[in-house]
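The lines below spell out each chain.
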Amino acid sequence: MGPAIVHYITIFPLFLALWQDRPLTVDDLHPGPYPVVVSAEQIALQRQVITAADRELRLTMVKELRQSGEQAAFMVLLTRLGEEKDPGVLGAVLQQLEMSPFRPAGLAGVIAPLLERPEEPVRYWALALYGRCEDADPARLVAALQDPVASIRLVAAARLRDRPDDVTTALWQAALDGSDPAVAAALSAGFCRSRAGALAGAEVARVFPTAHEAVRQAIADSLTDLASGLQERLLPLAAADPAVAVRGAAATAMGRLARAKDQPRLLALTRDADPEVRRRAVAACRAYPDASSLVALIDRLLDERTLVRREAEETVVAIHETLAVGTATSARLAAAAFPGRGHLCRVLGRVGHREAAPAIHGILQTEREPEGLRDAAMALGLLEYDPAAADLARLGASHESPVVREAVAEALGRLARPESYDTLRKLAFDAEDPVRQAAILGMGRIGDGEAFNATLLKVLNQVRAGMSGTNRAAAAWSAGRLRPIDPALVQRLLVQATVPVVPGEMGEMLFEEDPVMANVDMALAVLAREDAGARTALEAVCLAHRPALADGSPASGPGGFVASAEVVECARQAEAHAQGLTPTPGLRPTASMAFSVERYTPVEP
């Protein structure tokens, strides 16, 4: 067997660092694809078999070879160019070669003969690959602009666009005079990025206003890649263009260029008639964090379109560290109407402008729209405005809208006022999952064991309808933060992570989901450093979460439980933390490439 090739090596994250802020999720346990190992023998086997395989299998095999990401597989595909007789499969081989990152010397010469093939798929993918080769002859690409097939003309133009100095003035002008705007757009973008285009600024500016919209948009999308002199000529034209896409591209370009002289033009686009232009201009204002931009952004917090308001909110929050945005935002609060008023509240909460809390509390008393109440509640929680706790508790206990109850639950978790605890306990069993989740997490943020131990125990025991795995993962996280430590809750965590407690569709009992087990591991690890009972429970959990034996049987654990690699790693890190050690991240397991053709190995009877 040849040497195994590891594409990349990745490690697990340090789970405790993540757990300290919030419950662990599936994305934490699976932060990305596993390292893939492909042996040289596997690739060689594909080379042996592909010649004899039928058409459908060959089509599958060429895709799998490219997906392996190995240069040896690329070379197998390359040999197929001289052996494959089926035009459809040959086109697929060329497609996979084009999608691969490898470009060995002399590749253009191998591909060139295929540019003359009569079959459209072969010609298309041959040209797409040929144009990516450094030693490609630009004349072959220019000749393909006359191909009778539109898609082939377009891919030729796209490859020339990416080789800008091969787009001559004559070629560009001919494209403008032609009948295909997509080809003209690609070649115009390439020409403007070329040395010839940089010197032809006056001509480009003269042509721009009357060119096809596709041409204008392609040039506008390339503005940040152009020489400064050409930018100076084209940016004002693009910003005043009648096409929405062109004005939007100009706004984005001004944000990337971040030149002070462009700011007045950008601020004008924040008031554009089209909402998408306004949104893109608002996003670009991040590059101009000053008082003028802030005025324009606060205006857009009151915009009629939701996406514009949301973009304005994110932009104001992004620039708040360099500007006193709180004062300017709160000044607009009294006169603002829904829904813009809600975005003002959200900004004030997110930037921590505590001076506005009484005014937001007043809105809470008068607002009738559920989304407006949600935004005010969110802000009061972020500002930790204790005087609002009683009103929030009453609102959460009775309001019919789940978005209001969810926001209230989250706010009460931040305020941590005893008068709100009854509402949190009630919301932990709300009919809506997000409301339950916010209330359960709020209990963990407060950390009052005497108030919430019994509630979290009830949540973990409620494994049937009305409590999701996400809720139980949150309950495990919160349990690890409550003090004093409840022995009954600790024992329930042990059961949750080692015993089949979740009913399946057929009535059978199943083990918990991995995120629940991972949060139990971390909770017990933290508790074990303070409590002997938690330490004993953690030892039992870690025993059950050890990896399977070499023969595939479980190392331990009732009911034939075999922990996943993620749960094994969580238990390992948890055990180290409980022992007072600093956990180190372990290597994530590797995955083998699953080819459609594998060598058969008989199993001994």
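Notes on the structure follow.

Thresholds, definitions, all that
Residues numbered from 1 in each chain as written. Predicted model: local features only at pLDDT ≥ 70, side-chain atom pairs only at ≥ 80, totals over all residues. Heavy atoms only, no water. Helix = DSSP H or I, 4+ residues; strand = E, 2+ residues; numbered from the N terminus. Buried < 20%, exposed > 50% of the residue type's maximum accessible area, 1.4 Å probe, protein only. Contact = heavy atoms within 4.5 Å. Areas by Shrake-Rupley, 256 points an atom, 1.4 Å probe, with all protein chains shown as cover. Salt bridge = Lys/Arg side-chain N within 4 Å of Asp/Glu carboxyl O.

1. A closer look at the overall build of the chain
Across its full length, the chain holds 35 helices and five strands. Over its C-alpha atoms, taken along the principal directions, the chain stretches across nearly 80 × 80 × 45 Å. The buried share among the 605 residues of the chain stands at 51%. For the chain, the proportion of contacts with a sequence separation of at least 24, taken over those separated by at least 6, is 67%. Roughly 26,800 Å² of accessible area belongs to the chain as shown, and the carbon and sulfur atoms make up 54% of that amount.

2. Things to note about the pattern of salt bridges
Scanning the entire structure with this criterion turns up 43 salt bridges. For E116, the salt bridge is made with R140, and the minimal N-O distance between the two is 2.9 Å. Remark: R140 occurs in helix 9 (residues 138-144) and E116 occurs in the loop between helix 7 (107-111) and helix 8 (120-130); sequence separation between them is 24 residues. Residue E116 is classed as exposed on the basis of its relative accessible area of 58%. Taking the relative accessible area as the measure of exposure, R140 reaches 27% and is therefore partly exposed. For R346, the salt bridge identified is with D375, shortest N-O distance 3.2 Å. One end of the pair, R346, is in helix 23 (residues 340-350); the other, D375, is in helix 25 (residues 370-382), and 29 residues separate them in sequence. When salt bridges that share partners are traced, they join E313, E314, R346, R350, R374 and D375 into one network.

3. Focus on unusual backbone geometry
In this structure, the amide linkage connecting F338 to the following residue, P339, adopts the cis form with an omega of 5°. With respect to the helices and strands, the residue P339 is situated in the loop between helix 22 (325-330) and helix 23. Residue P484 follows R483 across a cis peptide bond; omega there is 5°. The residue P484 is located in the loop between helix 31 (469-479) and helix 32 (487-498) in this model. One non-glycine residue with positive phi stands out, namely A258, at about 55°. Within the secondary structure, A258 sits in the loop between helix 17 (244-257) and helix 18 (263-269). Given the relative accessible area of 40%, A258 is considered partly exposed. Although it is not a glycine, E384 sits at a positive phi angle of roughly 50°. Locating E384 in the fold gives a position in the loop between helix 25 and helix 26 (389-398).

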